[in-house]
Amino acid sequence: MKTALTIAGSDSGGGAGIQADLKAFSANGVFGMSVITAVTAQNTQEVRSVQNIDNRIIREQIEAVFDDIPVDAVKIGMLSSPATVETVAQALKKYQPNQIVLDPVMVSKGGHHLLQDEAIQSLIEHMIPLSTMITPNIPEAEVLVKRKIDTEEDMLTASKALLELGAKMILLKGGHLQGNPNDLFYDGQYFHWLHGERIETKNTHGTGCTLSSAIAANLAKGHSMFEAVKLAKQYISIAIKHSLDLGHGHGPTHHFYELYEKANLK
Ligand SMILES: Nc1ncnc2c1ncn2[C@@H]1O[C@H](COP(=O)(O)OP(=O)(O)OP(=O)(O)O)[C@@H](O)[C@H]1O
Ligand SMILES: Cc1ncc(CO)c(N)n1
């Protein structure tokens, strides 16, 4: 079985972070492993508090996995502080995995900062240049390229600027613009739009985490980047369409909808 490793924060509510990543890995047919960078006390409504994990333990988790188990792809989510970014980047430089999908997580749906402002520069300097693919949403891309993105035309310009930061490829998610959620894939040569249909639901907790993990799983299985992104977009669209009305805020997506349907487990 192919494997994928998530390096991210824990979401006690189970819809985002490490929990979403492991579910998305399993649903997409790879064996999931995890390195926890921070623990959040979080539900569908809010992030109540965050405890960053000691850098030594972060490094040792990464070493424990890579020293023993083959890692076919890595997904990176919440990195919290400059020291966390640097610890993860240093460890990945040592092991040089083939595929690194970086979701540059900055702010939760409820507005809580999951990446300290001081860590943004570290992310740009140390983490983005190591990444095979980065998957910013519109507000994250605006911070990274320091300009407003209001239209799909702006997304094209921003993708070029994002690529200049050093990642090999870009998926700029359009879910935060009005209208249909169309994402832009750019590999430095060609642009491809991945068209979506907006699903009217408030249950979109962890959509970004789930999408980037599905991309990593598809890469682990040997798909090309464009194929990996296309399949992941189909997967997240189904997961949002059948999202779960749990909690009083933004409920989670249904990571296993198609498998449950096939197994008659609904
Ligand atoms: N209402 C929706 N209907 C269909 N697709 C959506 C909807 N909202 C977002 N998407 C898609 O879901 C994927 C994740 O994008 P989104 O912009 O929500 O990520 P995000 O803001 O990083 O999520 P989060 O930070 O909550 O994990 C993208 O492919 C986006 O186009
Ligand atoms: C731990 C964690 N990572 C990422 C996100 C972004 O959705 C979140 N809400 N929580």
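The protein chain appears in an unreviewed UniProt entry as Hydroxymethylpyrimidine/phosphomethylpyrimidine kinase from Robertmurraya siralis. On record in UniProt, under Sequence similarities (unreviewed entry), the comment for the protein chain is "Belongs to the ThiD family."

A.B. asks: Tell me about the packing of aromatic side chains, and please be specific about residues and values.
C.D. replies: Applying the stated criterion across every chain, the model contains four aromatic pairs. A centroid spacing of 4.1 Å and a plane angle of 10° characterise the contact between Tyr-186 and Phe-191, whose relative ring orientation is stacked. Assessed through its relative accessible area of 30%, Phe-191 is described here as partly exposed. The interplanar angle of 10° and the centroid separation of 5.8 Å between the aromatic rings of Phe-256 and Tyr-260 together place this pair among those described as stacked. Given the relative accessible area of 32%, Tyr-260 is considered partly exposed.

A.B. asks: I'd like to hear about the UniProt feature "domain: Pyridoxamine kinase/Phosphomethylpyrimidine kinase" (unreviewed entry) in the protein chain, residue by residue, with values.
C.D. replies: Per the UniProt annotation, the sites labelled "domain: Pyridoxamine kinase/Phosphomethylpyrimidine kinase" (unreviewed entry) are residues 11-254. Along residues 11-254, the helical share is 40% and the strand share 16%, with 16 Å between the first and last C-alpha atoms.

A.B. asks: Explain the site of ligand 2 residue by residue, including any values.
C.D. replies: Around ligand 2 lies a shell formed by Gly-9, Ser-10, Ala-16, Gly-17, Gln-42, Met-78, Val-105, Leu-114 and Cys-209. Within the side chain of Gln-42, one N or O atom sits 2.8 Å away from a nitrogen atom of ligand 2. Coverage of ligand 2 by the protein chains reaches 91% of its 290 Å² of free accessible surface. A majority-of-atoms criterion places ligand 2 in the largest pocket. Split into classes, the residues belonging to the shell around ligand 2 amount to five nonpolar, four polar and no charged.

Parameters at a glance
- Residues numbered from 1 in each chain as written.
- Chains lettered and ligands numbered in written order.
- Predicted model: local features only at pLDDT ≥ 70, side-chain atom pairs only at ≥ 80, totals over all residues.
- Heavy atoms only, no water.
- UniProt positions renumbered as here; feature names shortened; annotations may be inferred.
- Phe/Tyr/Trp six-rings, centres within 6.5 Å; stacked < 30°, edge-to-face > 60°.
- Buried < 20%, exposed > 50% of the residue type's maximum accessible area, 1.4 Å probe, protein only.
- Helix = DSSP H or I, 4+ residues; strand = E, 2+ residues; numbered from the N terminus.
- Near = heavy atom within 4 Å.
- Polar contact = N/O pair within 3.5 Å; in protein donor to acceptor, adjacent residues only side chain to side chain.
- Areas by Shrake-Rupley, 256 points an atom, 1.4 Å probe, with all protein chains shown as cover.
- 1 Å grid on protein atoms, 1.4 Å probe; cavity = no way out; pocket = protein on both sides within 12 Å on 5 of 7 lines; lining within 4 Å.
- Sits in = over half its atoms within 2 Å of the grid points.
- Nonpolar A, V, L, I, M, F, W, Y, C, P; charged D, E, K, R; others polar.

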